[in-house]
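# Structural features, examined
Chain by chain, the residues:
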Amino acid sequence: MLLSGGLDSATCLACARRDGFAAHCISFDYGQRHRHELGAAASVAAQLRAASHTTVTIDLRAVGGSALTADVPVPKDQAGSAGIPVTYVPARNLTFLSLAVGYAEVVDASVVYIGVNAVDYSGYPDCRPDFIASFERTANLATKAGVEDASPHFRVAAPLVTLSKSEIIRLGASLGVNFALTHSCYDPVDRAGRVLACGHCDSCAIRRKGFLEAGVPDPTPYADRP
């Protein structure tokens, strides 16, 4: 289970638990500016009773090319703008899924859950169903487990991929997710040691709109709420 600490991955973990799986969660310290999400991931894993939780360190700042991994300003108050935004991290989900499949081989798991969403998302190409289906085929070609198994060994489960953000929030709420533990902001603000969501980045705007449309109280501590 790829666990970022955001509300999508938290809901996805709840889906894996609902589906009867013991969830071995993997998070990534990849040089992101919003590293507060790693603490959120640990809290979510504990709340939803993951079987294990590990954090893998990789340096995507060496690649750069994103407002999350380079000295590039995070766009504010531009939700819904056309094109792939500068917060896209080159090949991030491709990299994460590859490492997750390697970890799945080690823990003898055959289903990899990822909380990507292709409806209310920021235009990232690695959140699309076509990418998930393509990666699943690749995982079964590129691994020992995939080659030795007579049938496709790995399945990549993306239960949220066709849901809107409000539908994801309602689903998570029905499965007992504590959204107060989650973190989504691309550019959080530290005020006297307390981490607050900026309230203006694309992720904050999508999250806030999702809670409003879902009719679920938004527990997010915003530094500013437009």
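Our subject is the structure that appears above.
Figured I'd write up the structure that's included with this text. (Residues numbered from 1 in each chain as written. Predicted model: local features only at pLDDT ≥ 70, side-chain atom pairs only at ≥ 80, totals over all residues. Heavy atoms only, no water.)

## Some remarks on the pairing of strand E1 (residues 24-29)
- Of all six residues in E1, five are buried; the element is thus mostly enclosed.
- The sheet contact formed by E1 and strand E2 (residues 52-57) spans six bridges and is parallel. Bridge assignment links Ser 27 to a residue of E2, and that residue is Thr 55. (Buried < 20%, exposed > 50% of the residue type's maximum accessible area, 1.4 Å probe, protein only. Helix = DSSP H or I, 4+ residues; strand = E, 2+ residues; numbered from the N terminus. Pairing = 2+ DSSP bridges.)

## Observations concerning the environment of Ser 66
- For Ser 66, the location among the structural elements is in the loop between E2 and helix H3 (92-107).
- A relative accessible area of 0% means that Ser 66 is categorised as buried.
- C-alpha of Ser 66 to C-alpha of Gly 6: the two residues are 60 residues apart in sequence and 19 Å apart in space.
- Setting aside residues up to four positions removed in sequence, Ser 66 forms contacts with Val 72, Val 86, Thr 87, Tyr 88, Val 89 and Pro 90. (Contact = heavy atoms within 4.5 Å.)

## What about the nonpolar core?
- Ranked by size, the top nonpolar core spans 35 residues in total, and within it Leu 2, Leu 97, Ile 114 and Ile 132 carry the most contacts.
- It is H3 that contributes the most residues to this core, five residues altogether.
- For Leu 2, the residues in contact, after removing those within four places along its chain, are Ser 9, Ile 26, Phe 28, Phe 96, Leu 97, Ala 100, Val 112, Tyr 113 and Ile 114.
- Among the nonpolar cores identified, the runner-up in size contains 28 residues, and Leu 7, Ala 16, Tyr 113 and Val 177 belong to it. (Core = buried A, V, L, I, M, F, W, Y, C linked by side-chain atoms within 4.5 Å.)

## A word on the packing of aromatic side chains
- One pass over the full model with this rule turns up six aromatic pairs.
- Between Tyr 88 and Tyr 124, the ring centres sit 6.2 Å apart and the planes meet at 45°, which makes this aromatic pair tilted. Placement of the pair is Tyr 88 in the loop between E2 and H3 and Tyr 124 in the loop between strand E3 (111-113) and helix H4 (129-142), with a sequence separation of 36 residues.
- Exposure remark for Tyr 88: the relative accessible area of 22% places this residue in the partly exposed category.
- In textbook terms, an aromatic cluster arises when at least three aromatic residues are bridged by ring pairs, as seen for Phe 28, Tyr 30 and Phe 96. (Phe/Tyr/Trp six-rings, centres within 6.5 Å; stacked < 30°, edge-to-face > 60°.)

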